[in-house]
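Listed below are the residues making up each chain.
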Amino acid sequence: MSSGSDFSDDDRPLGAPNGSPNGRDHVNGHGHVPGQHALSASMSDDEGMSLSTSVPSRTLKRKKPIYAESSSESSEDDTPLASSPAKHATSVAIPMPGAAHATTVPTSSANGKSKAKNKASKAEPSDEYAEEGAPKRKRPVVKKEGAKPTKKKMKQESLSDDDDRGPTRKPSAPRKRKTKDESDAGSSGDEKPLAKKLAGKKARVSKAKEEPDLRKAEKSSGKSEKEGANGSPVKGKGRKKEKEEEEEVFRWWDADAQDGSVKWQTLEHNGVIFPPPYEPLPPHVKMKYNGKELDLPPAAEEVAGFYAALLESDHAQDATFNKNFFDDWKIVLKKHPPRDGTKVTTFGNCDFRPMFEYFEAEKAKKKAMSSQEKKELKRIKDEQEQKYTMCLLDGRKEKVGNFRVEPPGLFRGRGDHPKKGALKHRVRPEDIALNIGEGAPIPVPNMPGKWKEIIHDNTVTWLATWTENVNNNHKYVFLAAGSSLKGQSDMLKFEKARELKKHVDRIRQSYNADLKSKVMADRQRATVMYFIDKLALRAGNEKGSDEADTVGCCSLRCQHVTLEAPNFIIFDFLGKDSIRYYNRVPVEPQVFKNVRIFKENKDDDDNLFDRVNTTGLNKHLQSEMEGLTAKVFRTFNASITFQRLLDENNLENATLQEKLNAYNKANREVAILCNHRRTPPKTHEQSMEKVRDKYRGLKYDRMKLRHVLFKIDKKFKKNAEYVDDESDIDDDWIIAHEESLSAKEIEKAEKKFAKENEKLTEDGGEPQKESVLRERIADIEADFAALAKERGTEQAEMKREKPVEKIQESISKLTEKIKAAKLQIIDRDEGKEVALGTSKINYLDPRITAAWCKIHDVPVEKLFSKTLIVKCMFLPSVVLYLESFVRFTVPWALEVEEDWKF
DNA sequence: TTCGGGACTTAGAAGAATCACG
DNA sequence: CGTGATTCTTCTAAGTCCCGAA
């Protein structure tokens, strides 16, 4: 796909609107529109849809509107483009590209009024399913029972024009699809999988069927043994039992398909490692309360220390953080009061500084240790942790991921999480459940206590779990990213995304048709799909009031989207991790219209899509393609865009560096698409200034050379090549620059002088007189004085005569350098808040990179860090090869043929 | 139909290691 | 050969999605 789309990148920009609620100001800078498909929707005007969604459901959770200002309520047709957009909208939009392909197949169903659209489109494609190679579905189809029942078709909401209007359901229980329009979808969904299965593999079918039952049985019976017994025979096939000695590479990707539910047959591990107990501070380190030293018992001191350590961080400036910390600390203090009976009641009277300073000093001390000592310390630590790092999974040694139990501390929620600052308790063995193979030795905790529970569940991959006290979230210990388990599911993920390629045209047609559906729920869902597909937005589950207020596609509220006629939508909301998403994009007129309708009669903090939620959306997606969920679109979009961008380059005679740049550029585009950001390093501005200075220096040098030419002959001024003005270096800068140059030269001269003298004395000679140095300095100063004179004259003298051609040559060389420097500056500045890692690790199919490296003869190590490579391989023995060379590696992704395409 | 439990992926920040370079 | 910048790894928060009970 993606044929044509040209990505113009010149539009970057966007002025960042200020004031993001939580203080961060990330802005997605560009108007990139991702998916380049075209929606062929014929824009027939929809018959006057009068559906107004009247009743805005109030979102339960939302307490206070965050973006109060956003002017959004548009009620009339005409969009507001008023002020607000203008404000933000510096950005430029990029036209949605390509329009061609998907379109080609007009489907009958596309015609407007039919509400049954789903059906129609579904039917036709059936052949597609058949062709599918039938990869093993990991997610067992299982649950089909669920689907079936729905047959009920209730349908209400038909949008007959008015009545439906609504959505009527205003109830506060908002949206949530009440309707089941999905029913049809359900049914069709059913058949699909079937077809697939049939087409697919024989054995598989039976397996799939069986599994569910199996699984169920297992679950209910709990740890029962039989599951093991049952399970293994089924899938067994003897494969895993092969003699492979542990260091031999297990090529799971070649091995027989794994079933989704049973994850392992045998599992041995050493549990988790607990952090060392709290060590009280030396007696001379005491925080103060009301100016007096506070003598705290260890338990209370420990908590105070958590806070003290953050004293200079942003957290300590955060009111919520401080309050939550203080509340929790007071609870601890009640149990462990200061020894002198002081009552700690006011946060403002606390002075944690002494503790902070002690920590800083300790840090400095540690840093000052010799590298010998540091190494020794590290060795000891590694030794202690050694046994936790690996486990035995089906007889193979595999790396464990986070085997260190999270130490106690203050909860660092992102954005404005209502619980940030709360005390996270120390986790004890009593809190932890271990999952381990039956019969495997039970590890002994490295601190006093007994495990909460030992289970033997081979349908899950975790080794240990506990519940964290602040949010009651579950924490797990899993295998490392490079393990077979993770590798497998990673590969499945990408295969699923690739599968979407085959269905995406049809899916787009179908949602395009639905954009005009008379059923409000369908129309909203289609609109949601349009955004998810084009902008790679996240699904957007509902969130609770005790979490930060962030949204995804389904949970967008009216305040998050602004319409700008004729066809722009401005998104401005906080997404995952409270990262701001800002994007101004052109959309299909129908989408524009829909959003206008959806916003009608709603308040800013009402849900934009009041009839859609992620569950319903995913259910629908499943009916379009087995295993399809909203997040698959993100993976698909990222990888396919990446592949396309890489393919667009012509790297015929490119140098290695140019190739790497091209790769990184593509990577960055994807990161931007997915809105992956980072806060620029504190030092960014400063290092930016340095680069800019270098750039100006080059420009200065070139200017001087030009002036030399001008002096030789005025005619050069006419030469277009030399007219370049130095608009980016002003007089002040020139003066400063010349001064610094002169200072540098003098310093150099002094050093040289000193060195010469040293040598002379060494050889038994006499040192030179000071006057020699003074003379040299005078010369330098004279040179610079001459330069000062030249300022503004457009004429310059050359210290050493050079033929004109040489000068011209130097100028063009400088011009090149200047261009490169400029690019580098832009690059760096634009990249300052884009994080490339996340997409590289999670969204870009590593096989794209592997194949690309093969074609262009680029060593993978230049692009993938060691851990990333390991992720594509996963066995230690393989990793060793890596050091010597990638030829021998057998990571699942690195084995691809060079013509492999996503 | 909602709700919450559960398991697993995705995410940016913080910390550690390595690099570049004066 | 330190040291400041850059890159990689670790840490754990915050999502997605599924499931089953009420």
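Just so we're clear, the structure is a prediction, and the values are computed from it rather than from any experiment.

Rules of the game
Residues numbered from 1 in each chain as written. Chains lettered and ligands numbered in written order. Predicted model: local features only at pLDDT ≥ 70, side-chain atom pairs only at ≥ 80, totals over all residues. Heavy atoms only, no water. 1 Å grid on protein atoms, 1.4 Å probe; cavity = no way out; pocket = protein on both sides within 12 Å on 5 of 7 lines; lining within 4 Å. Points joined across faces, edges and corners; volume = space filled by probe spheres on them. Helix = DSSP H or I, 4+ residues; strand = E, 2+ residues; numbered from the N terminus. Nonpolar A, V, L, I, M, F, W, Y, C, P; charged D, E, K, R; others polar. Core = buried A, V, L, I, M, F, W, Y, C linked by side-chain atoms within 4.5 Å. Buried < 20%, exposed > 50% of the residue type's maximum accessible area, 1.4 Å probe, protein only. Pairing = 2+ DSSP bridges. pLDDT = per-residue confidence, 0-100. Contact = heavy atoms within 4.5 Å. Axes fitted to C-alpha atoms, helices over the stretch in contact; angles between N-to-C directions. Parallel < 35°, antiparallel > 145°, perpendicular 65-115°, else oblique. Left-handed = near helix turned anticlockwise from the far one by under 90°.

Next up on the list: the layout of surface pockets. Estimates place the volume of the second largest pocket at around 1600 Å³. Residue lining of the second largest pocket: 40 residues in total, with Pro275, Pro276, Pro277, Lys366 and Pro407 positioned closest to the centre. Elements with a contribution of two residues or more to the lining of the second largest pocket: α8 (298-309), α10 (353-368), α11 (371-389) and β7 (409-410). Here the residues of the lining of the second largest pocket sort into 21 nonpolar, four polar and 15 charged.

What follows concerns the nonpolar core. Counting 80 residues, the largest nonpolar core has Leu500, Phe531, Ile569, Phe571 and Phe609 as the members making the most contacts within it. In terms of residues, this core owes the most to one element, helix α16 (residues 630-648), which gives nine residues. Judged by nonpolar contacts, the second largest core, of 29 residues, contains Phe306, Leu333, Phe356 and Tyr358.

With that settled, consider the sheet that holds strand β3 (residues 292-293). One key point about sheets: their strands pair by backbone hydrogen bonds, in either a parallel or an antiparallel sense. With antiparallel pairing, the three strands of this open sheet are ordered in space as β3-β2-β4. Bordering the open sheet on either side are β3 and β4 (350-351), each of which pairs with just one other strand.

So, on to the confidence of the model for chain A. Scored by pLDDT, chain A comes out at a mean of 73, with 69% of its residues at no less than 70. Per-element confidence in chain A is highest for strand β14 (residues 568-574), whose mean pLDDT is 98, and lowest for helix α3 (residues 126-131), whose mean pLDDT is 28. Here residues 874-890 is modelled with pLDDT under 50, and outside its nearest four sequence neighbours on either side it reaches 40 contacts, counting other chains as well.

The next point concerns the sheet that holds strand β10 (residues 453-455). Spatially, the four strands line up as an open sheet ordered β10-β9-β11-β12, and their pairing is mixed. Every interior strand has two partners, whereas the edge strands, β10 and β12 (474-477), have only one. The sheet shows a mean angle of 20° between the axes of neighbouring strands, taken without regard to direction. Of the pairings in the sheet, the one linking strand β9 (residues 433-435) to β10 comprises three bridges and is parallel in character. Its bridge partner being in β10, alanine 433 is matched across the sheet by glutamate 453.

This brings us to the packing of α16 against helix α23 (residues 846-856). Contact geometry for α16 and α23: axes closest at 10 Å, N-to-C directions at 15°. What the angle tells us is that α16 and α23 run roughly parallel. Between α16 and α23 the crossing geometry is right-handed. Along the contact surface, α16 presents Ser639, Phe642, Gln643 and Leu646, while α23 presents Ile848, Thr849 and Trp852. Each residue belonging to the contact of α16 with α23 can be placed in one class, and the counts come to four nonpolar, three polar and no charged.

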